[in-house]
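# Examination of the molecular architecture
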Amino acid sequence: MSNLENSLNESLSLLKSNKYNEALEILKKIEIQDSRVFFLLGTIYSVMKNINLGEEFLIKASKLDNKNSSIFNNLANLMVVKGDLESAKKNYLTAIEIDQNIDSMSEIANIYINENNLDDAKKYLNMALEKDPEHKKSNFRLGNLYLKLNEHKKGLNHIKKATGFIRFNNSGFEIIE
């Protein structure tokens with residue numbers, strides 16, 4: 001395994017353990033222009049709430065690898081935080097185009113729900129659920145969308161699929177799947 005691969009694996013391990021500063025130190029020492037390095041730097045800075053550096057490194061990653069949907073999904077998430085919803089939608093759509101990224105489908109639908117564009121929201125939520133019928137976020141969002149449309153039965157079915165229902169009984173409560 002190369003030094004680059006070792007450094008990437010070590011930083012990933014630290015990232016999974018929430019040791020962001022240690023992972024950053026390893027990644028900053030890498031001198032090779034590699035999309036994976038930039039992706040990890042951008043992701044770590046984003047998690048640490050350094051939005052500008054997160055954006056800078058994710059953009060660098062996207063220029064080196066325009067076929068990694070996670071780069072565009074994470075960049076879109078940052079754009080939502082910044083309040084730039086048009087850029088967020090553009091990046092979510094890029095991620096969807098690359099590999100039908102389910103999280104991007106659900107997140108762009110959420111933007112459409114907030115914009116009261118329920119037809120497009122429903123379209124992307126249904127696309128996500130076609131790919132993964134158990135996707136909790138998409139089921140929850142589609143359930144709430146149906147409730148907005150006064151289609152209560154459909155809404156409650158999707159919410160139940162996402163969260164289950166609570167039923168109180170003699171021993172306290174139980175989650176109904």
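In this report, we go over the structure that sits alongside the text. These numbers come from a predicted model, not from an experiment.

Basis of the calculations
- Residues numbered from 1 in each chain as written.
- Predicted model: local features only at pLDDT ≥ 70, side-chain atom pairs only at ≥ 80, totals over all residues.
- Heavy atoms only, no water.
- Helix = DSSP H or I, 4+ residues; strand = E, 2+ residues; numbered from the N terminus.
- Contact = heavy atoms within 4.5 Å.
- Core = buried A, V, L, I, M, F, W, Y, C linked by side-chain atoms within 4.5 Å.
- Buried < 20%, exposed > 50% of the residue type's maximum accessible area, 1.4 Å probe, protein only.
- Salt bridge = Lys/Arg side-chain N within 4 Å of Asp/Glu carboxyl O.
- Phe/Tyr/Trp six-rings, centres within 6.5 Å; stacked < 30°, edge-to-face > 60°.

The residue Asn91 is located in helix 6 (residues 85-99) in this model. Leaving out residues up to four positions away in the same chain, Asn91 has contacts with Phe72, Leu75, Ala76 and Met79.

Our focus in this paragraph is the nonpolar core. Among soluble globular proteins, nonpolar side chains are generally buried collectively. Formed by 46 residues in total, the largest nonpolar core has its most connected members in Leu27, Val37, Leu41, Tyr124 and Leu145. Each residue touching Tyr124, except ones within four places of it in the same chain, is listed here: Leu93, Ile96, Met105, Ile108, Ala109 and Tyr112.

By the definition in use, this model includes eleven salt bridges. Among the salt bridges present, the one from Arg36 reaches Glu5, with a minimum N-O distance of 2.9 Å. Pair noted here: Arg36 is in helix 3 (residues 35-47) and Glu5 is in helix 1 (residues 3-16), with a separation of 31 residues, a long-range link. Looking at Arg36, the relative accessible area reads 35%, which means it is partly exposed. Glu55 is the salt-bridge partner of Lys82, the closest N and O atoms lying 2.6 Å from each other. Of this pair, Lys82 sits in helix 5 (residues 69-82) while Glu55 sits in helix 4 (residues 51-64), and the two are 27 residues apart along the sequence. Relative accessible area serves as the criterion here: at 42%, Lys82 is assigned to the partly exposed category. The structure contains a network of salt bridges with shared partners spanning Glu5, Asp34 and Arg36.

Let's shift gears to the packing of aromatic side chains. Taken as a whole and judged by the stated rule, the model has three aromatic pairs. Ring centres 5.8 Å apart and planes at 15° place the aromatic pair Tyr45 and Phe57 in the stacked group. Pair noted here: Tyr45 is in helix 3 and Phe57 is in helix 4, with a separation of twelve residues, a long-range link. Each of the two residues, Tyr45 as well as Phe57, counts as buried. Measuring from ring centre to ring centre gives 6.0 Å for Tyr112 and Tyr124, while their planes differ by 20°; the resulting arrangement is stacked. In this pair, Tyr112 is assigned in helix 7 (residues 102-114) and Tyr124 in helix 8 (residues 118-131), connecting sequence segments twelve residues apart.

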